[in-house]
Amino acid sequence: MSRSTALKAGPGPAAAGNTAAAGPRRAPWRRGPKLRKNTELTILLAPGLILFVGFVLVPIVIAAYYSFYDWPGYGPLNHPIGLRNYTYAFEDPAFIHAIEHTLTLTVASVLIQGPLSIGIALLLNRKFLGRTFLRTVIFAPYVLPPAVTAVMWSLILQPSGFLDQVFKAFGLGGLVQLWLANTHIVLWTNFVVLTWQYLGFGIVLLLAGLQGVPEELKEAAAIDGAGPWEVTRRITLPLLAPTIRIWAFITIIGSLQIFDIVWILTEGGPAGSSGTIATYMYLNGVQADDFGFAGAIAVILFAFCFVFALIYQRFALRRDTQGALTRAVG
Amino acid sequence: MMKRRAVAAIVATAATCLVLAACSSGAASSGGSGGSGSGTITLTWWNNATNQPLLGVYTNAIKGFEASHPNIKITNVPIQNETLQKTKIPLALQGNNPPNIYQQWGGGVLGQQVSSGKVDNITSDVSSWIGGITGASGWQAKGQQYGVPVDLHIVGFWYRKDIFAKDGITVPTTLAQLESDDTKLRAHGVAPIAVGSKDGWPDAFYWEYFALRDCPQSTVTSAIGSESFSASCFATASTNLAAFLKTNPFQTGFLGTSSQQGAGSSAGLVASGKAAMELQGDWDPSVMEGVSTNKNLSTELGWFPFPQTPGSAGSQTAALGGGDGYSCTGTTQQAQACAEFLQYLDSPTVQTQIVGVGESGEPVIASAASAISLPATQTAAAYYKTAAYSELYFDTALPTKPGENLDTAIANYFSAPSSSTASAIANSPQSP
């Protein structure tokens, strides 16, 4: 709002000139809140803005800049190679596999973790003895650092390790596999561990969403003759949809970027059979001192996430966030 | 509206610039951690001695050096090996504040580090004594000394003497004997050989040894120099490795096994007696001690060189190895102090301690060899002297990217040996 609009909005010159004393008093009083508001905005926004620009935007731009160079991380940037890092990435079968694995994990996360989370959240939303305890137990894995989860599971999954012994104890020895060494299985081993870690997060999020579903609606539906399944399908789930959409958004972005658990469990191996875009970037870019190439992979991953986020915002999240994100405020 | 936004944007931009300027000037002014405030030179020392007993040896070395050099202070910063080499050092050399003394393994990787412009040329600082140091040429780049080794390594088979004795196994000298031993060990319910394929580089030891056996030294040297393994003898090495892999010599699930982390690692499997042997560098006994509660390892462990493959074109006694060395960064004054410290590390006093604790392979001065305490390492050290020649691990001899590509290609070959994965090995260093 410019000063001229402020003047127009304020009392006219005639009103201001009613008394000689009121004029000079009123002007600073009018300007005061505006100045204060600007100062407040600056003070409150600047730290966040500085961090965002310094640690998000600038690194993205720098990574994109490096990606046009052949640069081992040492010495000056003096070997521009245009789009060669990008074309090489897409010519490398290992990178294409990494994209396939990442998309597999992403789709599986939504399709398998989604219904599981919703089902368990609905169960845990009912009143029964030990509910709080069960909620805590189910949320506990999410509280563990992913590195701890990965190390723990790498011990459990060793040949003749804990899991194999459990299978054998239940007479299921025939199902035992080389969980971390079989190239056909290892991606799904990673998925199980990821699910173990992150399922609790989805459940807690959905439980919070369920608190917002009014009991009266369910009761009204029940009085009208709807069975429990119909109440869930026609009342609970539609009202839970905004939470589900947010959960899916967080899960998909998280899955696209997945690194820590996969890296510690398998380093993307054997032979790249569980590699994701992020582990590929670390292995072939960072560890190989090829930071230009790492930059290119990072930009590709960023583009994936960014395009997905835009599309999702436009088509799925718009109605949930209308007025908050999609419409300018003020 | 525009105006208010403009003001806010200007303020935010100005603040950002201030913060960035503050950061960059801070980093620039501190160049080389610790200056020489009151005539005291402070040096930061990054090494991988995170555990006893080597940690104690290094701590004592600092005390001994500081006592005779009161104007130099050394801060010891032990860092886990993989983190140190793969992440911390490359990033530090990109920044403005690299450690004054840092560990590296020489070869093409050191050459690449030198290109950062941060590593000090210490040729003149060490010229008076470097002639007496074994293997010092491995720490040169462009004919100049950019680092100094403090110990040397050889890769060979570490085996459990007690298991060999119990199962009536003799130490093999040829590949055929090794394969026959493997069969016997497996029949006794022991995994013959443990390998940490998850890490990639332990797989590379096998391919590289087959290459040394199948290729003349000149071919190996020129292949590393030209970063191409297209010579036909390297394809033979791949074929011979595939035949060896076909005999199923490794533990179950070896593709998912790490080499050094925990009791389930390849080192842990040998230490606990679940596997009988492992092809590793001579740091392996100390790794085994770290991941096992077996107190008898020093007497139970034996060593034999990579078997011979009679009839093949390469050297039958060439050894694969390397060493730990240190480079210096910082001001001229700091580089001089660093070189003095490295001279102290290579003195008989410290060398006998370094090899005496059974941690670090062979000393860089001949007189300290008698201090090696571990019988198995003594065997390795004796063989090292008789080896036809010693070749640096290929991934270290090559610059980082070709070296990493080679390790990855060999690991892929372990997973599925085929003609396409074999040609991937041959072409790996030249992948962009």
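Residues numbered from 1 in each chain as written. Chains lettered and ligands numbered in written order. Predicted model: local features only at pLDDT ≥ 70, side-chain atom pairs only at ≥ 80, totals over all residues.

A.B. asks: Quick question: what am I supposed to make of the overall build of chain B here?
C.D. replies: Within chain B, the secondary structure is distributed over 19 helices and 12 strands. Against the compact-globule benchmark of 22 Å for 432 residues, chain B has a radius of gyration of 24 Å, which places it among compact chains. Over its C-alpha atoms, taken along the principal directions, chain B stretches across nearly 80 × 60 × 45 Å. By the burial criterion, 53% of the 432 residues in chain B qualify as buried. Within chain B, contacts between residues at least 6 apart in sequence are counted, and of these 72% link residues at least 24 apart. (Helix = DSSP H or I, 4+ residues; strand = E, 2+ residues; numbered from the N terminus. Rg over C-alpha atoms; globule rule 2.2 N^0.38 Å. Buried ≥ 20, exposed ≤ 12 C-beta atoms within 10 Å, placed from the backbone. Contact = placed C-beta atoms within 7 Å.)

A.B. asks: Sorry if this is basic, but what is going on with the overall build of chain A here?
C.D. replies: Along the backbone of chain A there are 14 helices and zero strands. Counting only residues that meet the buried cut, chain A has 28% of its 330 residues in that class.

A.B. asks: Where do I start with the interface of chain B and chain A in this structure?
C.D. replies: Often, the extent of an interface is quoted as the loss of accessible area upon association of its parts. The partner chain A presents 33 residues to the 37 residues of chain B that form the contact. When residues of the side of chain B that touches chain A are traced back to their parent elements, those giving at least two are α1 (2–30), α3 (81–94), α4 (107–114) and α18 (400–415) of chain B. Of the residues forming the side of chain B that touches chain A, the biggest block, 10 residues, is contributed by α1(B). When its residues are assigned to classes, the side of chain B that touches chain A shows 15 nonpolar, 16 polar and six charged. (Nonpolar A, V, L, I, M, F, W, Y, C, P; charged D, E, K, R; others polar.)

A.B. asks: What is the right way to read the domain arrangement of chain A from this model?
C.D. replies: Residue and element names in this part refer to chain A. Taken domain by domain, chain A comprises domain 1 (3–66) and domain 2 (89–321). Counting residues at the interface gives four residues for domain 1, matched by six residues for domain 2. A per-class count over the side of domain 1 that touches domain 2 returns four nonpolar, no polar and no charged. (Domains from an automatic or database assignment.)

A.B. asks: What am I meant to see in the sheet that holds strand β9 (residues 275–280) of chain B here?
C.D. replies: Across a sheet, strands are paired by hydrogen bonds formed along the backbone, either parallel or antiparallel in direction. All names here are of chain B. Strand order in the open sheet formed by four strands is β8-β9-β7-β10, with mixed pairing between adjacent strands. Of all the strands in the sheet, just β8 (191–194) and β10 (301–304) have a single pairing partner and so form its edges. When strand polarity is set aside, the average angle formed by the axes of neighbouring strands in this sheet is 25°. Pairing of β8 with β9 involves three bridges; the strand directions are parallel. Bridge pairing in β9 places A194 opposite E278. Here helix α16 (residues 375–386) sits on the sheet in contact with β7 (156–160) and β10, set at roughly 10° to β10. (Pairing = 2+ DSSP bridges. Axes fitted to C-alpha atoms, helices over the stretch in contact; angles between N-to-C directions.)

A.B. asks: What is the right way to read the domain arrangement of chain B from this model?
C.D. replies: Residue and element names in this part refer to chain B. Domain parsing of chain B yields domain 1 (41–152 + 321–379) and domain 2 (154–320 + 391–430). With centres defined by C-alpha atoms, the gap from domain 1 to domain 2 works out at 27 Å. Contacts between the two partners involve 19 residues from domain 1, matched on the other side by 22 residues from domain 2. Those elements giving two or more residues to the side of domain 1 that touches domain 2 turn out to be α4, β11 (319–328) and α16.

A.B. asks: When you look at helix α9 (residues 217–226) of chain B in this model, what are you seeing that I'm missing?
C.D. replies: Quick reminder: α-helices carry 3.6 residues per turn. Residues three or four places apart thus point the same way. All names here are of chain B. Residues V220, A223 and I224 constitute the buried set of α9. An end-on view of α9 places all buried positions within 95° of arc, on one side of the element. Turned more than 90 degrees from where α9 packs its buried face, S218, G225 and S226 sit exposed. Close packing links the buried residues of α9 with α8 (201–214), α10 (232–246), β12 (390–392) and α17 (394–397). Within two residues after α9, E227 carries a phi angle of roughly 55°, on the positive side. (Arc of directions from axis to C-beta.)

A.B. asks: How should I be thinking about the confidence of the model for chain A in this particular structure?
C.D. replies: When pLDDT is low, close inspection of the predicted coordinates is not appropriate. All names here are of chain A. The share of residues in chain A with pLDDT of 70 or more is 88%, and the mean pLDDT across the chain is 86. A low-confidence stretch, residues 1–24 stays under pLDDT 50, and its non-local contacts, those more than four residues away or across chains, total 11 contacts. Across residues 324–330, confidence stays below pLDDT 50; counting only partners more than four residues off in sequence or on other chains, it has three contacts. (pLDDT = per-residue confidence, 0-100.)

A.B. asks: I would appreciate a short explanation of the pairing of strand β2 (residues 72–78) of chain B in the present structure.
C.D. replies: Within a regular beta strand, the side chains point alternately toward one face of the sheet and then the other, so they alternate between its two faces. All names here are of chain B. Two strands pair when backbone bridges link them, and strand β1 (residues 41–47) and β2 are joined in this way by seven bridges, in the parallel orientation. Within the sheet, the bridge partner assigned to I41 lies in β2 and is I72. As a crossover connection, the stretch from β1 through helix α2 (residues 54–68) into β2 is right-handed. (Right-handed = clockwise from strand over helix to strand, strands pointing away.)

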